[in-house]
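Chains, contacts and geometry: an overview
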Amino acid sequence: SQTIHQWPATLVQPVGSPLSLECTVEGTSNPNLYWYRQAAGRGLQLLFYSVGIGQISSEVPQNLSASRPQDRQFILSSKKLLLSDSGFYLCAWSQGAGQPQHFGDGTRLSIL
Amino acid sequence: EDQVTQSPEALRLQEGESSSLNCSYTVSGLRGLFWYRQDPGKGPEFLFTLYSAGEEKEKERLKATLTKKESFLHITAPKPEDSATYLCAVQAAGRGSTLGRLYFGRGTQLTVWP
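The sections below set out a description of the structure shown in this document. (Residues numbered from 1 in each chain as written. Chains lettered and ligands numbered in written order. Predicted model: local features only at pLDDT ≥ 70, side-chain atom pairs only at ≥ 80, totals over all residues. Heavy atoms only, no water.)

Structural notes on the sheet that holds strand 7 (residues 65-70) of chain A
Residue and element names in this part refer to chain A. If you trace the four strands from one edge of the open sheet to the other, you get 1-3-8-7, paired in antiparallel fashion. The open sheet has two edge strands with one neighbour each: strand 1 (3-7) and strand 7. Looking at each pair of strands side by side, their axes are set apart by 20° on average, direction ignored. By the bridge criterion, six bridges tie strand 3 (residues 19-26) to strand 8 (residues 73-78) in an arrangement that is antiparallel. Counterpart to Cys23 in the pairing with strand 8 is Phe74. (Pairing = 2+ DSSP bridges. Helix = DSSP H or I, 4+ residues; strand = E, 2+ residues; numbered from the N terminus. Axes fitted to C-alpha atoms, helices over the stretch in contact; angles between N-to-C directions.)

So, in structure tokens, the structure goes:
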């Protein structure tokens, strides 16, 4: 069966510090991968998606970037965090069109 | 523009009191409608996929239905463990469809008290 792992579960970082969140998927090959941010009381905001190694598309211009160095690995990064980067970050995978997305348990990011 | 609206925003039910959650959508060609359950501090958990009007799916006390403009999640005789936020998402044909892009509603927060 397929599983998705995200870490860390919680993270507290100072403003201006770098960020690296990692997501890996097991039990499937060539998945579509997604990064979302979920703010309290708001819906899921799609940040990045990837259909293959090295292929990244951005939905919203921002302080973040994403990379996919391996087929089942997706990384969310920032060089300098802003207060507005606080939130709940979710990684998801799917097999593509018409298929559901499956989510990890998320990372709660707090910026101080 | 594609849009997904869920109602009500919050719903409180007594244990055993059946009710329905609504998800209305406006998309240019529906490729699929998805229901998720999200517990506090966790990622959304996939429940159902519906592809065409008239389709129904069931799982324990939950039943999802689909029309051309909306979907309902019916909860029969709910229990406190059904308390969660229920999210609806649609995938539209056309732009982003091959990428499996989903458009999410803001969810309905369901509380079932004993």
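A few points about the state of the cysteines
All names here are of chain A. In this structure the tally under the stated criterion is two disulfides over all chains. Disulfide pairing places Cys23 opposite Cys91 at an S-S distance of 2.0 Å. The disulfide joining Cys23 to Cys91 has a torsion of about -75° about its S-S bond and is therefore left-handed. One end of the pair, Cys23, is in strand 3; the other, Cys91, is in strand 9 (residues 87-94), with 68 residues separating them in the sequence. (Disulfide = S-S within 2.5 Å.)

Structural notes on the interface of chain A and chain B
At the junction of the two partners, chain A supplies 23 residues and chain B supplies 22 residues. Taken together, the two surfaces of chain A and chain B that pack against each other cover about 1,800 Å², and 55% of this comes from carbon and sulfur. Summed over the shared surface of chain A and chain B, the result is two salt bridges. At the junction of chain A and chain B, the tally comes to five residue pairs in polar contact (both at pLDDT 80 or more). Of all the secondary-structure elements, those providing two or more residues to the side of chain A that touches chain B are strand 4 (32-38), strand 5 (44-52), strand 9 and strand 10 (102-103) of chain A. The residue makeup of the side of chain A that touches chain B, split by class, is 11 nonpolar, 10 polar and two charged. (Contact = heavy atoms within 4.5 Å. Buried area = accessible area lost by both parts, 1.4 Å probe. Salt bridge = Lys/Arg side-chain N within 4 Å of Asp/Glu carboxyl O. Polar contact = N/O pair within 3.5 Å; in protein donor to acceptor, adjacent residues only side chain to side chain. Nonpolar A, V, L, I, M, F, W, Y, C, P; charged D, E, K, R; others polar.)

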